[in-house]
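Residue-level structural notes
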Amino acid sequence: MRFAFLSETFYKDYPSEQFPEIEHKPNRPYVVVFVTVGERQFAIPMRSHITHPHAFLTDKTNRCGVDYTKAIVVLDEEKYLDTTKKPYIRPHEFDALRGKEYKIQCGLQKYIEKYKRAKTSEKEIDKILVRCSTLQYFEEYL
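In every chain, residue numbers begin from 1 and rise along the written sequence. Totals for whole chains, interfaces and linings use all residues, but because this is a predicted model, local features are given only for residues with pLDDT of at least 70 and pairs of side-chain atoms are given and counted only at 80 or more. Here the side-chain values reflect all heavy atoms present in the structure, with hydrogen atoms and water set aside.

Attention now goes to the overall build of the protein chain. Runs of H or I in DSSP of at least four residues are treated as helices and runs of E of at least two as strands, each being numbered from the N terminus. The helix and strand inventory of the protein chain stands at 5 helices and 7 strands. Reading the secondary structure of the protein chain in the N-to-C direction produces β-α-β-β-β-β-β-α-β-α-α-α. For 142 residues, the compact-globule formula gives about 14 Å, and the C-alpha radius of gyration of the protein chain, at 15 Å, lands near that figure. Structurally, the protein chain occupies a C-alpha span of about 45 × 35 × 30 Å along its principal axes. In the protein chain, the proportion of contacts linking residues at least 24 apart, taken out of those at least 6 apart, comes to 63%. Carbon and sulfur atoms make up 49% of the accessible area of the protein chain, which totals about 8500 Å². Positive charges come from Lys and Arg alone, negative charges from Asp and Glu alone, with His and the N- and C-terminal ends not counted. Charged groups are reduced to one reference atom each: NZ for lysine, CZ for arginine, CG for aspartic acid, CD for glutamic acid. Taking the 24 positively charged and 21 negatively charged side chains of the protein chain as two groups, their mean positions are separated by 6 Å. Each radius of gyration reported is based on C-alpha atoms, and the globular scaling rule is 2.2 Å times the count of residues to the power 0.38. Contacts: residue pairs with any heavy atoms within 4.5 Å of one another. In short, Shrake-Rupley with a 1.4 Å probe defines the accessible areas, and a residue's cover is counted only from the protein chains shown.

Nine residue types can take part in a nonpolar core, namely buried Ala, Val, Leu, Ile, Met, Phe, Trp, Tyr and Cys, and a core is a set of them joined through side-chain atoms within 4.5 Å. Type-normalised accessible area, obtained with a 1.4 Å probe on protein chains alone, sets the label of each residue: buried when under 20%, exposed when over 50%, and partly exposed for intermediate values. Counting residues in each nonpolar core, the largest one holds 39 residues, and the members touching the most others are Ile 22, Phe 42, Ile 44, Val 66, Ile 72, Ile 104 and Leu 108. It is helix 4 (residues 101–119) that provides the largest number of residues to this core, a total of 6 residues. Apart from the residues lying within four places of it in its own chain, the contact partners of Ile 44 are Val 31, Val 32, Val 33, Val 35, Val 66, Asp 67, Tyr 68, Ala 71, Ile 104 and Leu 108.

Our next topic: the layout of surface pockets. In the cavity and pocket records, a cavity denotes points on a 1 Å grid over the protein atoms alone where a 1.4 Å probe fits but cannot get out, a pocket denotes an open set with protein on both sides within 12 Å along at least 5 of 7 lines, and lining residues are residues with an atom within 4 Å of a point. Grid points are joined across faces, edges and corners, and a volume is the space filled by probe spheres set on the points. Approximately 390 Å³ is the volume found for the largest pocket. Put simply, the parts of the chain that give the lining of the largest pocket at least two residues each are strand 3 (40–47) and strand 5 (64–67). As a working rule, the residues Ala, Val, Leu, Ile, Met, Phe, Trp, Tyr, Cys and Pro are called nonpolar, Asp, Glu, Lys and Arg charged, and the rest polar, with Gly in that last group. When the residues that make up the lining of the largest pocket are grouped by side-chain class, the tally is 8 nonpolar, 2 polar and 5 charged. In terms of lining residues, the second largest pocket is bounded by 13 residues, among which His 52, His 54, Thr 69, Ile 128 and Leu 129 are the most central. Looking at the lining of the second largest pocket, the elements that each hand over two or more residues are helix 4 and helix 5 (124–132). By residue number, the principal contributor to the lining of the second largest pocket is helix 5, which donates 5 residues. Residues that form the lining of the second largest pocket fall into these classes: 6 nonpolar, 3 polar and 4 charged.

The next thing to look at is the packing of helix 4 against helix 5. Where helix 4 meets helix 5, the axes come as close as 9 Å, and the angle between the chain directions of the two elements is 120 degrees. Relative to helix 5, helix 4 is oriented oblique. Considering only the axes of helix 4 and helix 5, their crossing is left-handed. Here Tyr 111, Lys 114, Tyr 115, Ala 118 and Lys 119 of helix 4 come into contact with helix 5, specifically with Asp 126, Leu 129 and Val 130. Partitioned by chemical class, the residues of the contact of helix 4 with helix 5 number 5 nonpolar, no polar and 3 charged. Lines fitted to C-alpha atoms define the axes, with helix axes restricted to the stretch in contact, and inter-axis angles between N-to-C directions lie between 0 and 180 degrees. Put simply, angles under 35 degrees are roughly parallel, angles over 145 are roughly antiparallel, angles from 65 to 115 are roughly perpendicular, and the rest are oblique. By definition, any crossing whose near helix is turned counterclockwise from its far helix by less than a right angle is left-handed, and any crossing with a clockwise turn is right-handed.

Before going further, it helps to spend a moment on empty space enclosed by the protein. Evaluated as defined, the whole model comprises 1 cavity of 30 Å³ or more. The volume enclosed by the largest cavity comes to roughly 70 Å³. Lining the largest cavity are Leu 6, Phe 10, Tyr 11, Ile 22, Glu 23, Tyr 30, Val 32, Ala 43, Pro 45, Lys 70 and Ile 72. Across the lining of the largest cavity, the residue classes break down as 9 nonpolar, no polar and 2 charged.

This is the structure in C-alpha cells:
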C-alpha cells in the first residue's frame, strides 16, 4: 500500500472554488492512500471525524480512516503526487491498514457502484451522496 500527499499542481488544477468537495488543506495536507480499481488509480484521503458509513475506519473511537467519499482519480501520477514530503501515519492507524489493501479496494469499488446507482435515483439521501462525493468530478473515468 502506498501513502503520499497530493502536489500543489493538483490543487492548482482542481481549485476549491470549482471543486469544493475535494479536500484542500494547504497548511496540513491530507495523507492519501493509493489503490487501483479496474484500470484506474485512486487516491483516498485519510481523515478524522468521519460521520458516514462510506469509509474504512482505522480508529473507531475517533472515527478516523480512509474516506471513500473524497476519493479522486489520479490522472497524472508524476504531476499530481508530491514526492518531496514523506507522510506520517499514526502507528495504530498504520497497523489497522497493514494488509488491508484488498479490503480497501473492495470498499471503494462498492462505493463507486453505490455512487453510480445514486446518480439515477430520486431519493434525497442519494442526491446528498452524489452532491457530497468527489466522484462527481471524475465520472467520465468511472
